[in-house]
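Below, each chain spelled out in residue letters.
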Amino acid sequence: MKSLMIFCFGLLIMTGTFTHAWAEPYATRGTKTVKVPLSVLLPQGRDTTLRGQWDKISFPLTILETQRANDIQITLSMTHSGQIDIANLWVSLGQKALATIQLQPNGAPQQVVISLTPELLARFGNILTIAVRHQLPNSLSLSEQRVEAAEAVTELLAEHSFFELSYTPTDAAPTLATAEALMRSGQMYNHAIQLVSLLPDTAPSDLTLAGMLVQGWTLRSGSDSYQYRFYSAERTPTAGNRSQIQLIYGLQDALRQHTNLPDDYLNAINGPYMALHHHQGHWQLILSGRNEQELLDAGRHFANPAQPLPQYSYGLISPQAVAQQPQVSSGSRYPVQLFTQQLHFGDEPLVLPLMMPANFLVNDGETSYVNLVLSHPKVTPGEAAMVLRVNGDYANSMPLRASYWRSKQHYRMNFPMTLLRPGLNNISIELYGPEQSHAMSQTGNIVPFTADIAATSAIQLGSWVNYLTQFEQQLPADQLLFITEKNGRDSQLTVDFAEDSELGDIWQLLSRLTLQAREPMTELLITDNDKQLRPFNLAFHVGTHSHSGTLGTMTTGNTATTTSNDLRQILLALMANSRHAEEEITAAQAQGFFQYPTSASPWSAGLSAEGFATLTTQKNGWRTINFSTANEASLQKEMAIYLSQPVQPTRGIIELTLPSREGDLQLLRAGFIAYPFSLPLLIFSLVLVLALILFRGLEKRA
């Protein structure tokens, strides 16, 4: 470590863009410092691991209009795996190469401190890119051996890596776009976000609007680690406990009474309205309108991150048409360009962000395919390879081919559908190959082996069925994502607290679900009325009696319909059991990695319903998930345990969300997987019926 610091110190003196780790922080009168961990700045869906032969990661370095930068410092802490001889790091700002650092991995954490001048940041942009090249041992030159070295990684310790900004406040007037930059910058990561409602307690949209603000801040900041505090009109924050950031909503008269907004701000409320008021270091983001409907329109605008905040301090807002997030369907084929804008890869992996629906279930052995049509330099056999990962886990690998009569090569890589999970999935493909030489490059005279992606490249998804749980049982947190379907219009959150509360744990759960779905639930209902108005209800009873309905049976139809539904139920259970059969057999190994239960089948009925997040099914098929505790301290403790639990299979009886021909085919396949001898019996039965029909036809002719 000492030799590393001496090397870095010499490098920093030569480049003039770095400082040593023990430099005194620049400080003048009126200077302020903000320190943001890189874990808050991570791009959505991106982890901190740099894998393969080449990889890179980029962070936004945001300086607001109200800040004049004095000093910018980046602290990077990292560790390396043992499969690397040398790790080369290139640091660039926008398109400007700053420096090259060579590290010899020794298993211990290593640290690099980078200092940027404000002139550099203003001239070359605010995106810092860290590229890494892992120099593999010479013994790993063949593609098969490179695949074995695919675990060669550099891990950024994001909690111990920081973007530190020393600045002097300016007199610039911030706009609503500045507020969006504030969210994206992460500078408020350690401040509680206060949600201040100026609506009467009887207003039906009071809590719904607070939920929209939570969703909007979560999606625009890209983080679900913020803490939220709710205040009603009767209990607004005092001067002593006022946070640096407040999200306030209410009608014009209430804003005039409870805030210090200038008259020109208030007089402009003639429709769906947003404003930013920045005073003495405090940020107030205001939503308003002439009535509750216009206030809801403003809330929906803020909740949707595809709707950018305007470049003015206050005024009316008008929703714009935005492209919807791609929704995938069972057994469908999609072009690769639907999921990424990458035209080539090799200097970094090809990443396909795939959003899977909630509570999907696949058959054992179900696979998907990535069909890549690539143009790449000529290689000799065994000289280059690709490695496919799903959510960071190894899934497949393939050597690259050489062809002297084709300019493009077609590669088909499959992966098991069981590696996918509800919500966002990252499918990544690393490229290993002989490096090229180039005189003009940010990474010196060495450039990675790259491949161009043809427009005909596609991903073919396997088939699945969607399910819902029935009757009384405890529902794991990872299976609550179904409330985000249909923009949340089928779901509600019911709040029933014995005492006034800031509802911090409810906002925490909502923020997590929103980030997992990567889109807002602008039709979600949040209410303190204990009447269930939607098919799905997350009911929070704290210090009060749970008002869950009595448990009932599902509605029955005619005999034929009942028989087909019963058959679907049996086949669905077989499909679920076949998926987890291997983990149940190897219980000791599965417990360490997957945390599956080791007792009887997790899909059996009659399980105890005691515990947090208890699901009940009403006679009409509507569902309630009860979060009941004796007091708010117990709710906080139970929620922390509930959200930290590992992914688990569903307990109890399940049913198809919507029976279909495709779903029934998947269920029949599950039956054949569970009872393979039934296939020849079925074929024999069909042949017997056809023979009988043919025999009777011949008999009539005779």
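Residues numbered from 1 in each chain as written. Predicted model: local features only at pLDDT ≥ 70, side-chain atom pairs only at ≥ 80, totals over all residues. Heavy atoms only, no water.

K.L.:
Account for the nonpolar core, with residues named and values stated.
P.N.:
Core analysis: the biggest nonpolar cluster contains 103 residues, and Leu195, Leu285, Trp507 and Phe627 have the highest contact counts within it. Here the element with the most residues in this core is helix α6 (residues 206-221); it accounts for 7 residues. When near neighbours in sequence (up to four residues on either side) are disregarded, Leu285 contacts Leu176, Ala179, Met183, Gln246, Leu247, Ile248, Met274, Ala275, Leu276 and Phe302. With 36 residues, the next largest nonpolar core counts Met417, Ile429, Ile459 and Leu461 among its residues. (Core = buried A, V, L, I, M, F, W, Y, C linked by side-chain atoms within 4.5 Å. Buried < 20%, exposed > 50% of the residue type's maximum accessible area, 1.4 Å probe, protein only. Helix = DSSP H or I, 4+ residues; strand = E, 2+ residues; numbered from the N terminus. Contact = heavy atoms within 4.5 Å.)

K.L.:
Give a detailed account of the pattern of salt bridges, specifying residues and quantitative values.
P.N.:
The full count for this structure, using the stated rule, is 13 salt bridges. For Arg46, the salt bridge goes to Asp47, with nearest N and O atoms at 3.2 Å. Among the salt bridges present, the one from Arg389 reaches Glu430, with a minimum N-O distance of 2.6 Å. Taken as a pair, Arg389 in strand β22 (residues 385-390) and Glu430 in strand β25 (residues 423-432) lie far apart in primary sequence, 41 residues in all. Judged by its relative accessible area of 3%, Glu430 is buried. Through salt bridges with shared partners, a single network forms among Arg46, Asp47, Arg51 and Asp55. (Salt bridge = Lys/Arg side-chain N within 4 Å of Asp/Glu carboxyl O.)

K.L.:
For the confidence of the model for the protein chain, give the residues involved together with the corresponding values.
P.N.:
Scored by pLDDT, the protein chain has a mean of 79; 80% of the residues are at 70 or more. Scored below 50 in pLDDT, residues 1-29 shows 42 contacts in the model against residues more than four places distant or in partner chains. Across residues 580-610 the pLDDT falls below 50, and counting only partners more than four positions away or on other chains, this stretch makes 43 contacts in the model. (pLDDT = per-residue confidence, 0-100.)

K.L.:
Give me the lowdown on the sheet that holds strand β33 (residues 525-527), citing residues and values where you can.
P.N.:
The strand order β31-β35-β36-β34-β32-β33 describes an open sheet built from 6 strands, whose pairing is mixed. A strand with exactly one partner marks an edge of an open sheet, and here the two such strands are β31 (473-474) and β33. Pairing between strand β32 (residues 491-497) and β33: 3 bridges, direction parallel. When the sheet's bridge partners are listed, Leu493 is paired in β33 with Ile526. Of the strands in this sheet, β32, β34 (536-542) and β36 (623-629) are in contact with helix α14 (residues 632-644), which crosses β36 at around 120°. (Pairing = 2+ DSSP bridges. Axes fitted to C-alpha atoms, helices over the stretch in contact; angles between N-to-C directions.)

K.L.:
Before we move on, can you summarise the packing of aromatic side chains with the specific residues and values?
P.N.:
Centre distance and the angle of the planes are the two values used to describe a pair of aromatic rings. This structure, assessed with the given rule, holds 11 aromatic pairs. Aromatic side chains Phe360 and Trp464 sit 6.0 Å apart centroid to centroid with 65° between the ring planes, which places their arrangement in the edge-to-face category. Taken together, the residues span a long stretch of sequence, with Phe360 in strand β20 (residues 360-361) and Trp464 in the loop between β29 (458-460) and β30 (465-469) at a distance of 104 residues. By relative accessible area, which is 4% here, Phe360 ends up buried. (Phe/Tyr/Trp six-rings, centres within 6.5 Å; stacked < 30°, edge-to-face > 60°.)

K.L.:
Residue-level account of the sheet that holds β22, with values.
P.N.:
Within the open sheet, the 4 strands sit side by side as β19-β25-β22-β23. Their pairing is antiparallel. Edge strands, defined here as strands with exactly one partner in the open sheet, are β19 (350-356) and β23 (393-399). Geometrically, the sheet is characterised by an average inter-axis angle of 20° between neighbouring strands, direction not taken into account. Pairing analysis gives 7 bridges linking β19 to β25, with the strands arranged antiparallel. For Leu350, the partnering residue across the bridge sits in β25 and is Ile429.

K.L.:
Before we move on, can you summarise the packing of helix α5 (residues 176-185) against α6 with the specific residues and values?
P.N.:
The geometry of α5 relative to α6 is characterised by a closest axis approach of 7 Å and an angle of 70° between their N-to-C directions. When the interaxial angle is binned, α5 and α6 end up roughly perpendicular. For the element pair α5 and α6, the recorded crossing hand is right-handed. Side by side, α5 and α6 meet where Glu180, Met183 and Arg184 of the first sit next to Trp217, Arg220 and Ser221 of the second. Residues of the contact of α5 with α6, tallied by class, amount to 2 nonpolar, 1 polar and 3 charged. (Parallel < 35°, antiparallel > 145°, perpendicular 65-115°, else oblique. Left-handed = near helix turned anticlockwise from the far one by under 90°. Nonpolar A, V, L, I, M, F, W, Y, C, P; charged D, E, K, R; others polar.)

K.L.:
Tell me about the environment of Leu309, and name the residues and values.
P.N.:
Looking at the element boundaries, Leu309 is found in the loop between α9 (292-303) and β16 (314-316). Sequence spacing of Leu309 and Ala177 is 132 residues, and the spatial spacing of their C-alpha atoms is 5.1 Å. What Leu309 contacts, discounting residues up to four positions off in sequence, is Leu176, Ala177, Glu180, Met183, Arg220, Met274, His301 and Phe302.

K.L.:
Break down the packing of α6 against helix α10 (residues 504-517) for me, with residues and values.
P.N.:
It is at 9 Å that the axes of α6 and α10 come closest, and there the two elements cross at 50°. It follows from the interaxial angle that α6 and α10 lie oblique. α6 and α10 meet at a crossing whose hand is right-handed. For the pair formed by α6 and α10, the contact residues are Leu207, Ala210, Gly211, Val214, Gln215, Thr218 and Leu219 on the first element and Trp507, Leu510, Ser511, Thr514 and Leu515 on the second.

K.L.:
With reference to specific residues and values, describe unusual backbone geometry.
P.N.:
One non-glycine residue with positive phi stands out, namely Asn391, at about 55°. With respect to the secondary-structure elements, Asn391 resides in the loop between β22 and β23. Phi is positive for Ala613, close to 60°, though the residue is something other than glycine. As for its position among the elements, Ala613 is in the loop between α13 (587-593) and β35 (614-617). Residue classification places Ala613 among the buried positions, given a relative accessible area of 0%.

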